[in-house]
Every structure is written in structure tokens, then in C-alpha cells.
Amino acid sequence: MKLIKYIGLAIFLLGLALFSGSIFLGNFSMTDIQVDDYISEQGIKSDIFSKELKKTLVTEEQINIFEFSSAVRKALETSNNYYDKQIAKYNAEKNWAKKGEQYQYKIHEKPHTISYNLAKKAGSGFVKENIALMWWLTFGLGIIGALLYILPNVLLLGPPGIKNNGIYHKSATNRGWIAWLVLVYLVVFYLLLYFMPDYVVNWTYILDPISNTLNGGDASQWFVYGFLYCVIMVVMAVRMYIKYRHNKYQIMRTTSVLFFQIVFAFLIPEIMASLNMPGYDFKSAFPLDYDFFFEWNIKNLTESGAIGLFILVWGTILTIIIVPLMVYFFGKRWYCSWVCGCGGLAETLGDPYRQHSDKSLKSWKLERWIVHSVLLISIVMTIVTLYCYFTGAKSFIGINSQWIKDSYSFLIGAWFAGVIGTGFYPIFGNRVWCRFGCPLAAYLGLVQRFKSRFRITTNGGQCISCGNCSTYCEMGIDVRAYAQKGENIVRSSCVGCGVCSAVCPRGVLKLENDSTKGRINPNDILLGNDVNLMDLVNQK
Amino acid sequence: MEHIAIIGNGISGVTLARHIRKFSDKKITLISAESDYFFSRTALMYVYMGHMKFEHTQPYENWFWKKNNIELKKGFVNEIDTDNKVLHFEEGDQISYDKLVIATGSKPNKFGWPGENLKGVQGLYSKQDLEHLEIYAPNNKVCKRAVIVGGGLIGIELAEMLNSRNIPVTFLVRESSFWNSVLPEGESQMLNRHIKNHHIDLRLSTNLKEIISDDKGKVKSIIIEETGEEIPCDFVGLTAGVTPNISFLEESNIETNKGVLVNRFLETNINDIYAIGDCAEQREAIGNRRPIEAVWYTGRMMGETLAQTICGNPTEYKPGHWFNSAKFIDIEYQTYGWVHGKKGRPEYETHFHWKHDDDTKCITIAYHKDTKEFLGINTFGIRMRHEVFDKWLTEKWTIDTVLKHLQAANFDPEFYKLHEKDIIKKYNQDTNSNIKLSKKHWRKLFA
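Note that this is a predicted model, so its numbers are computed, not measured.

K.L.:
Could you clarify how one ought to interpret the overall build of chain A in this entry?
P.N.:
Summing up its helical and strand segments, chain A has 26 helices and six strands in all. Taken over the C-alpha trace, chain A has a radius of gyration of 27 Å; the compact-globule value for 540 residues is 24 Å, and the two agree within 12%. The dimensions of chain A, computed from C-alpha atoms along their principal axes, are 90 × 60 × 45 Å. The buried share among the 540 residues of chain A stands at 45%. Taking the contacts inside chain A whose residues are at least 6 apart along the sequence as the reference set, 74% of them involve residues at least 24 apart.

Below you can see the structure in the form of C-alpha cells.
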């Protein structure tokens, strides 16, 4: 059995290496016609850009993606520099008409995005010519290897039960060198995905056929991400099913996040796109879905007929009515650990790292400051955006609409949610984003704390302060601090994953929805002691 | 300002200190030779198994003590001058006190076995025991086999720990079935099978004769009393119960028996000296309880109680209904009220027993054979609500009503399969009754 595990690990690593290495493959050169097509498609007016592109890219030479990217970016720089100089020149000459004319030639698109769009057309070579083979060598080997590594646990873990043996002895799960290596890999992955998609254009070729089947178009880097996300969640869900096979709550919850990721986040939007509808994730609620009220999205939706309007109404109702109502009845867990995509990844890929969340009082204070600030900023951003949308103004209460949207998308959307949120799993735990950054979690948390039937009930005086609950709380809640006082856990950040209850060796914790009366019950003296003493002290 | 010195920073001493702080601004000194900060002794096993790091066993952050003005003193008290109210430390220093509380807990039992003090022979109680375990049984190369002597709660925990590092374990149990002095037969038998399912070499009705040393003073093997069999091993765990850790009081005039003798106010024979927790021995047992209760919860309750007395509200130690819990490898156990095994079962106590087909869940309900009064429940593999049983015991429900409303007591996670129907069916068969399950919510029973 152990041998199978090691073989699986080797196969997985081979698949991962081939997947990572594939970005170095292929030739990227263009024809004059391809360049011209792109230029006219994009409505680019700069002749210099087109000339520079043709000079370097229309060639018989072997150019790899990095040289290609650098050539495109250089062409862009040359072009923009030229027109900047022209602008400066006419400015000095006070020739305003000529100066104004120059601006149309400037290109504002992000360099790596232009490079990506060109590369998508320009690529040739092994990957593009052997798509099916490449799929099996990357995704295929990765999936098979990971499953071979995971499945033997059915026998190796012994009889069903909590088996966290050795978590703090292993480099991968105890912040050792493997964990740091994984962190670096994930961070680099997200940096490439968000900021240098042209470098990973080969990955998109591998998924072009699947993308074409689903939505009728070629795969973008976001399709790659979505597909990879689903694959990783499925494989790691298998791990969850085995690890928690004695615990039906965990099994149901894992199935639920898996379903919502694959069907709602992945399949439905792709199929909608193939039907010429706006691709929409019906479960993604504002303000996690921070650009829902951005001008381009409202415009897109209002121009998409009945379905667009439906989405606009649904998205609004989801945030204002459905989300808080569900939190009242079930706690924020219905979203964060049963439905949400970020939560879904955290609960599958992130499960081996859940013990790394910081439980100190300091980090709780920090958490409250940061997460509520993000909520506030996202609301301010939306108000500014909507005001500008309806009035046509460029700014509101002194905040430039474009600036705040760009800053939020960059800092919160890309860096916080992606690079830090997932990249830091192996060292800082699997819910960094959900705990410190997610504005929706902050909103749900406020409802959960003040108006909900959900709580984690503490079972009388049974706690032995062992600390398993706190250690394995992914949200950094010091669960034990409540349990050892016989007090129910009512915390805004709790996502209701149920693992504290699962790892408790004394049956002390139970997640439940119940009457709001007596939900918060601080105790000084616990059940089991003299009843008169309990009355005396607890009723003070 | 009155100075309260507490010897021992376990659950009893710490609970006491916290509660004194709640009600007063007396000077408090918590003394320990074992660790700098309070940690949960019951969690040491999880550190060895790699579920947690040692710091995770500390329920309070390190700044907590200073913030609450509780002074921590590391040192070993070797003499108490009760006349002058002064503590003398092994390290040479001394402090004086106004009131002294002895909360020094337990130490593993040793029954004079030959070789019981060899290297690689130890109990599992203190932080130091854990450190020694890491030396003598870090993995199955250094420790090719371990022998555990004594089939109680610590014994099975130690077996689970060693098992987690793939160290082969031979488990010597004096009784004819695991822990059957406390547990009824059905439960005890189920645990025998569970232990064996984990590939632990369980030897019932087996006693240790002696422990053999190698030429370096380390354990080499053990010999079994009954058969004379010699089992080679690198580690011996002595887990045949614990005894109060009070040998440092031998020279003092504090009255002791096995433990420090106290009255219901937890006072010793000397004024202003108290004892709580594992090391305290009641002069007269309280109800069905033993005079010495070496249990986490009772230690905590004594701390809660004594704080009242020390803060000017003299309060007797009057624990409520008995409860306890444990985990036997994968099987959780809870008990509420009294369910007796072989030892000390009153003649009126009758049992109803139900076991699930999967052999990992069962319950035993004890009731009065004439009045049918519910006396207590043992539950294995099914979590139950403390609050509900406490109420049922107080209100003296009959077993019929308890069973009828059993679902209200269920504390398993949501979506778990419920077994109350099965349980009631078995009871109806056993007793020719016709009870029907009520699905009333537990809160409604409290209204």
C-alpha cells in the first residue's frame, strides 16, 4: 500500500513537472496578415506598433514565449514612447490640435494582455500539435498520481476516526521546506495567471478542445484556472471523503461545495457563454463578486435582454435578502463552507493546512480591523461606481471611480484573494482570505454574530481543554476558550466547517441551529458542580 | 494584601487562581516545578501523536498571567514550615504565604515490581514523561516493542500513541476484560475487540512479574507472572492508575492518608492550608464518589468551590451528578450518573444494554430494578447532552421516560444516523414493554 502511495506521488510530481515545464515549449511567430487582423480587431491606430511587431515576430526564427512576450512589450514601448515624444514636442510648440491628435495612437491595454492575445494566435509546436497527449501527460498524470497517493489511505488510516497522526511531524504540514516550496509554487502560479498570462499560453492550448465543447470558443487563462480549480477540488474531495468517512456532516458539506463549484461556478457560466448570454455564477454574491455593480457589468447585463435583467435582479436580491435570511436560519456556514468557491478550495486543497491559522488575541483584533475595512471599502467603491454610472460623473466624494475600481481589483481582487489567499495556504492556513479579506464573509459575519439561530453548542462541563478544536479551527477561533467555560461559540468569523466538533475527543461541540434565546451563555461555573454555587456565580 | 500560594499549576490550581482573581485582588502565586505555564495534561498524547504542538496544549496565551496579576513561580517545594507559613524550595529560596493550597496532582502507581525504576520504564502523566517517551520510544527502530502494564484510561491512550508511530504494543491487563472493574461486561468486551482491531497485542488476565535490565540499566524485556514468558521490549509503560503526588509533605504536620486529608470545605488539619484536585482525599467519600477523585472535572470543580471559601464565602464541595468522558482509540465514551461495572454495584442496580451491529457503538442504562428510576448511562460512539441527563437525574425520571425522550439527548453532529428507534426496540424486546419514541426537542423538555 505504501509503495502504491509513493508511486502515485512520483507520477503526480512528474505530471506537475510536465505541466510546469510545458510553458517553455513551442514556437511563436506570426504572419503579416495575423498581425494586421489583430491590429484592426483591436482598433489600434499606431503604425509604429504594427511595424515593430512585424519586424520581430514575422520570422522564420524559433522564438519562445518569453522572447515573444518581450518583443511585443518592446514594440508597445517603442510605439508609446514615440507618441509621448510627439506629444511633448507639440506641447512645446503649443500646437494643441496636433498634440490632441496624438493621443489616439497611444495603447493603454496591459502589455502582457496584448502579448497573450497575440501569442494565443501565434503559437505552434509540440503542445499545440499534441493536445490530447499533453492533456494526459499533465492533467492525466496529475490526477492519476494524486489519486494513487490518496486512495490507499482507506486502508492505511485504519478504522474510521480522526487520524491527524504525524501532521506536526511532517515537513509539508508543519511549515517545513516542502510547505515553503509549495507556497513559492502557488504564489508564482498566481502571479503568472493574474499578471503574465502570455507566459502560460501553452496551458490554454491543452484545454482548447474542452473549452470549445463547452462554450464554443478557445480556452483563456481563466478557463484554465476554472478547469484546474474543479479538478483540484474533485481530487482533494476524494481525500476528504476518506479522511472523514465516519463523519456525515463533512461528507455532505464536501459534496455540496463540489457541486456548487462544478455546476454553478464552472459549467453554467460556460454554457451560458455558448448561448451568447453573459456567463454568470448564480451563487457568487456581492461584495465577494466585487465587480457586479461595475459599469461594464451593468451595461453588459442591461444589454443582454431578459436574462441580463434577471441576473441583475437576482444578484441584488441574493445579497440583500437571500444571504442574510439564510444566515439567520443556518449561520454563515450555508455559504462559506457549503457553497462558496473560495471556501470550496479552502476546504479541499486547503484542509491539510487548516492548523496554521493564528489563534492569538492579537490576530483576532487584526482580523476585525482588516476584514471590516475591506467591507467598507467595497461598499464605498460600489457607491462611487453607481453614482458615476447614473450621473456620468468621473468621481464622487472626492474619489475617482476608475482609480478605486482599479486599485481594488488589483490589491484585493488579485493580490489578497489570489496570490495571498491561496498562495499562503501552506504557511498561514487555508482561510487567510476568508478570515482577513473577504467582504462578503465580513457581512455574513455581522449577521451571524447579531441575528442568527446558529451556534456551536458546548456540552455542559465535558471539556478537558485539550486544544484540538482550537488547533484545527481554520478561522483562528480559540474554540477551547469558550468550550472550557461551558460557553456556546458565537463568533462572526465561524464558517461552520464542523471540524472542531469532529476532532473533539470528548464530544463537547455540536454545530446547530436553535432558538436565539440562551444562544450566548457565558458561564463562570460549569455544569456538574453544585447547583447553588452555579446559580450564585453565574447569575451575577 | 493576603497572599495565596498555590502549589501546582494544573487544572485545579489554575481554576482556583482564576476564580480568586475574579472575586478579589489578593496576591496569587502559582508554583510549579513541571512547566512554566499551565497546559492541558490530557492533551500530552496528541503532542506525541503529532496532532498538536506542545504550545497548543496551553489554554491561555503567555501574557494572560501577567495581565491578570497572577504570579508564576517555577520551583520545587521540598518543605512547608506551617508554623511560620513559609515555603522552602529545593533551589534554596523561600516564600511566605497567608493561605496555602496544595494542588500537586498525581503520579503514576508503582507496585514494587523488580526493575520498575529502569531507564525506559515510566508512566504517562507529566510533561517530563512525554519528553522521556520521545527518548525511549521515538519510532519503531529505537523501540522495537513496547509493553504497557495496566488496563485503564492512560494505558489505552499510551497504546494508541505508540500505535500511531507503528511501534508494536503488548498490553498487559490484570482484569479478565478491559476496564471491567468500571465498565459493564458488554462494553468492556466491545473494547477488547476494538483494541485488537488496531493490532494491539492485548493480554487479558495477565500480570507483570518483573522488568529485566540490559547491561546499561535500560529495560531489555519483561516477564509475565502467569506463564513466565519473556517479552523483549525497549519501553515499558506503567499505567496501573495514579496516586497522589504528595511525598514532599512527609516531613510536614499536614495530615495525609493516600492523599492530603480534607473536609468538605477542602481544608486540611492545618489552618489556612487547603488541598484540591487529584491529591486531595475526602475524609468521608461523597455519595458514590471515591474519596480521591483523580479526574479533570473534579479538579476544576474543587478549584471553583475553594475560590469561594478563600474569597470569604465559605462553601462546601458539593459536586452535582457524576459525569465523565474518555476516548478509547476511535470510540468516544461519556457517562452521566452511575453505571457500575463489577466493582461496587448496588444490588438494586439493573442494566439495559444495546449495541450497534458495527461493534463501535453501544449504550448501557442503569436503573432501579423496583422503581425503574434512571440511575445513569454509559454511551459509546454516540454523543449525548450533559445538560439533559443532568436534568433527568435531578428529576429522577424513570428509564421508560428517559428512553422515550432519548432523541432529545442526542449530541452527535448533524446528519448523523440516529439509533434511538433501534435502542427502544431492543428495550421493548428485553422488558416486554411498549415504549414509543418521542421526537420532542430537548428545549421543550426544559420549558
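K.L.:
Looking at this structure, I do not really get the overall build of chain B. What am I missing?
P.N.:
Looking only at helices and strands, chain B has 11 helices and 25 strands in total. Projected onto its principal axes, the C-alpha coordinates of chain B cover approximately 70 × 60 × 40 Å. Here chain B holds 447 residues, and 48% of them are scored as buried. Expressed as a percentage of contacts within chain B between residues at least 6 apart in sequence, the contacts between residues at least 24 apart total 61%.

K.L.:
How should the interface of chain B and chain A be read in this particular structure?
P.N.:
The figure often quoted for interface size is the accessible area lost as the parts come together. Every contact between the two is made by 44 residues of chain B and, on the other side, 46 residues of chain A. Those elements that place two or more of their residues in the side of chain B that touches chain A are α7 (296-310), β21 (323-328), β22 (331-337) and α8 (386-394) of chain B. Tallying contributions element by element places α7 of chain B first for the side of chain B that touches chain A, with six residues. Broken down by class, the residue content of the side of chain B that touches chain A amounts to 14 nonpolar, 16 polar and 14 charged.

K.L.:
Help me understand the environment of Leu446 of chain A, please; the structure alone is not making it clear to me.
P.N.:
In this structure, Leu446 of chain A sits in helix α22 (residues 439-450). When the C-alpha atoms of Leu446 of chain A and Ala17 of chain A are compared, they prove to be 44 Å apart, with 429 residues separating the residues in sequence.

K.L.:
Teacher, can you tell me more about α8 of chain B here?
P.N.:
Residues three or four positions apart in an α-helix share a direction because the helix packs 3.6 residues into each turn. Residues and elements named next belong to chain B. With respect to burial, α8 is a largely interior element, seven of its nine residues being buried. Looking at α8, one finds that the buried residues are His386, Glu387, Val388, Phe389, Asp390, Trp392 and Leu393. Lys396 sits one or two residues past α8 and shows a positive phi near 55 degrees.

K.L.:
Mind showing me how you'd approach the domain arrangement of chain A here?
P.N.:
Domain annotation of chain A identifies domain 1 (27-124), domain 2 (213-452) and domain 3 (456-506 + 520-538). Each of domain 1 of chain A and domain 2 of chain A has a C-alpha centre, and these two points are 35 Å apart.

K.L.:
Quick question: what am I supposed to make of the nonpolar core here?
P.N.:
One recurring pattern in soluble globular proteins is that nonpolar side chains are buried together. Counting residues in each nonpolar core, the largest one holds 213 residues, and the members touching the most others are Cys500 of chain A together with Ile6, Val101, Ala146, Val236 and Ile276 of chain B. Each residue touching Cys500 of chain A, except ones within four places of it in the same chain, is listed here: Ile456, Cys469, Tyr472, Cys473, Val479 and Leu509 of chain A. Counting residues in each nonpolar core, the second largest holds 35 residues, with Ile65, Val72, Ile114 and Met134 of chain A among its members.

K.L.:
For this particular structure, what's the right way to read unusual backbone geometry?
P.N.:
Look at the link from Phe286 of chain A to Pro287 of chain A: it is a cis peptide, with omega at 5 degrees. For Pro287 of chain A, the position within the fold is in the loop between α13 (248-274) and α14 (295-302). With phi around 55 degrees, Lys85 of chain B is a residue other than glycine that occupies positive phi space. Along the chain, Lys85 of chain B falls in the loop between β4 (77-81) and β5 (86-89). You can call Lys85 of chain B partly exposed: it has 19 C-beta atoms within 10 Å.

K.L.:
Sorry, what's going on with the UniProt feature "domain: FAD/NAD(P)-binding" (unreviewed entry) in chain B here?
P.N.:
In the numbering used here, UniProt assigns the feature "domain: FAD/NAD(P)-binding" (unreviewed entry) to residues 3-283 of chain B. Between the C-alpha atoms that bound residues 3-283 of chain B the distance is 27 Å, and the span itself is 20% helix and 28% strand.

K.L.:
For this particular structure, what's the right way to read the pairing of strand β13 (residues 208-213) of chain B?
P.N.:
Two faces belong to every sheet, and in a regular strand the side chains alternate between them. Residue and element names in this part refer to chain B. Pairing of β13 with strand β14 (residues 219-224), which is carried by five bridges, proceeds in the antiparallel orientation. Directly across from Ile212, in β14, lies its bridge partner Ser221. Where β13 hands over to β14, the hairpin turn is made up of five residues, of which Gly217 adopts a positive phi near 80 degrees.

K.L.:
Where do I start with the environment of Thr401 of chain B in this structure?
P.N.:
In this structure, Thr401 of chain B sits in helix α9 (residues 399-404). Note: C-alpha distance between Thr401 of chain B and Ser438 of chain B (37 residues apart in sequence) is 9.4 Å.

K.L.:
When you look at the sheet that holds strand β10 (residues 146-149) of chain B in this model, what are you seeing that I'm missing?
P.N.:
What holds strands together in a sheet is hydrogen bonding between their backbones, with the strands either parallel or antiparallel. Residue and element names in this part refer to chain B. Taken in spatial order, the five strands make up an open sheet running β9-β16-β10-β11-β12, and their pairing is parallel. If you trace the sheet from one side to the other, it starts and ends with β9 (121-122) and β12 (201-203), each paired once. Here strand β11 (residues 169-172) pairs with β12 via three bridges, running parallel. Bridge pairing links Phe171 to Leu202 in β12. Its contacts with the sheet put helix α5 (residues 153-164) on β10, β11 and β16 (235-238), and the angle it makes with β11 is roughly 170 degrees.

K.L.:
Can you help me understand the domain arrangement of chain B in this one?
P.N.:
Residue and element names in this part refer to chain B. Each assigned domain of chain B is listed with its residue range as follows: domain 1 (3-107 + 243-310), domain 2 (121-240) and domain 3 (323-446). Between domain 1 and domain 2, the C-alpha centre-to-centre distance is 30 Å. Residue-level contacts link nine residues of domain 1 with eight residues of domain 2. Within the residue set of the side of domain 1 that touches domain 2, elements represented by two or more residues are α2 (44-48) and β8 (106-108). In terms of residues, the side of domain 1 that touches domain 2 owes the most to one element, α2, which gives four residues.

K.L.:
Help me out: how do you make sense of the environment of Tyr105 of chain A in this one?
P.N.:
All names here are of chain A. Take Tyr105: it is sitting in the loop between α5 (96-102) and α6 (111-122). When the C-alpha positions of Tyr105 and Val339 are compared, they lie 46 Å apart, and in sequence the two are 234 residues distant. Those residues in contact with Tyr105 that sit more than four places away from it in its chain are Lys45, Ser46 and Tyr83.

K.L.:
Explain the confidence of the model for chain B here, please?
P.N.:
In low-pLDDT segments, the atomic positions of the prediction should not be examined closely. Scored by pLDDT, chain B has a mean of 96; 100% of the residues are at 70 or more. Model confidence for the complex: the whole-complex pTM is 0.95, and ipTM, which rates the interface, is 0.95.

K.L.:
In this structure, what is going on with the pairing of strand β7 (residues 99-102) of chain B? I would like to understand it.
P.N.:
Residue and element names in this part refer to chain B. By the bridge criterion, four bridges tie strand β1 (residues 3-7) to β7 in an arrangement that is parallel. Its bridge partner being in β7, Ile6 is matched across the sheet by Val101. Of the strand pairs in this sheet, β7 and strand β19 (residues 273-275) are connected by three bridges, and their pairing is parallel. Residue pairing across strands places Leu100 opposite Ile273, the latter belonging to β19.

K.L.:
Explain the UniProt feature "transmembrane region" (unreviewed entry) in chain A to me, please; I cannot follow it from the model alone.
P.N.:
Residues and elements named next belong to chain A. In this structure's numbering, the residues bearing the UniProt feature "transmembrane region" (unreviewed entry) are residues 7-28, 133-156, 177-196, 222-242, 254-275, 306-330, 369-390 and 410-428. In the segment residues 7-28, helix accounts for 68% and strand for 9%; the C-alpha atoms at its two ends are 36 Å apart. Structurally, residues 410-428 is divided into 79% helix and 0% strand, and its ends, taken at the C-alpha atoms, are 21 Å apart.

K.L.:
I tried to follow the sheet that holds β14 of chain B on my own but got confused; where do I start?
P.N.:
Residues and elements named next belong to chain B. Here three strands make up an open sheet; going across it, the order is β13-β14-β15 and the pairing antiparallel. The outermost strands of the open sheet, each flanked by one partner alone, are β13 and β15 (230-232). The sheet shows a mean angle of 25 degrees between the axes of neighbouring strands, direction not considered. Note: β14 against β15, three bridges, orientation antiparallel. Residue pairing in the sheet places Ile222 in a bridge with Ile231 of β15.

Each value, and the rule that gives it
Residues numbered from 1 in each chain as written. Chains lettered and ligands numbered in written order. Predicted model: local features only at pLDDT ≥ 70, side-chain atom pairs only at ≥ 80, totals over all residues. Helix = DSSP H or I, 4+ residues; strand = E, 2+ residues; numbered from the N terminus. Rg over C-alpha atoms; globule rule 2.2 N^0.38 Å. Buried ≥ 20, exposed ≤ 12 C-beta atoms within 10 Å, placed from the backbone. Contact = placed C-beta atoms within 7 Å. Nonpolar A, V, L, I, M, F, W, Y, C, P; charged D, E, K, R; others polar. Domains from an automatic or database assignment. Core = buried A, V, L, I, M, F, W, Y, C linked by C-beta atoms within 7 Å. UniProt positions renumbered as here; feature names shortened; annotations may be inferred. Pairing = 2+ DSSP bridges. Axes fitted to C-alpha atoms, helices over the stretch in contact; angles between N-to-C directions. pLDDT = per-residue confidence, 0-100.

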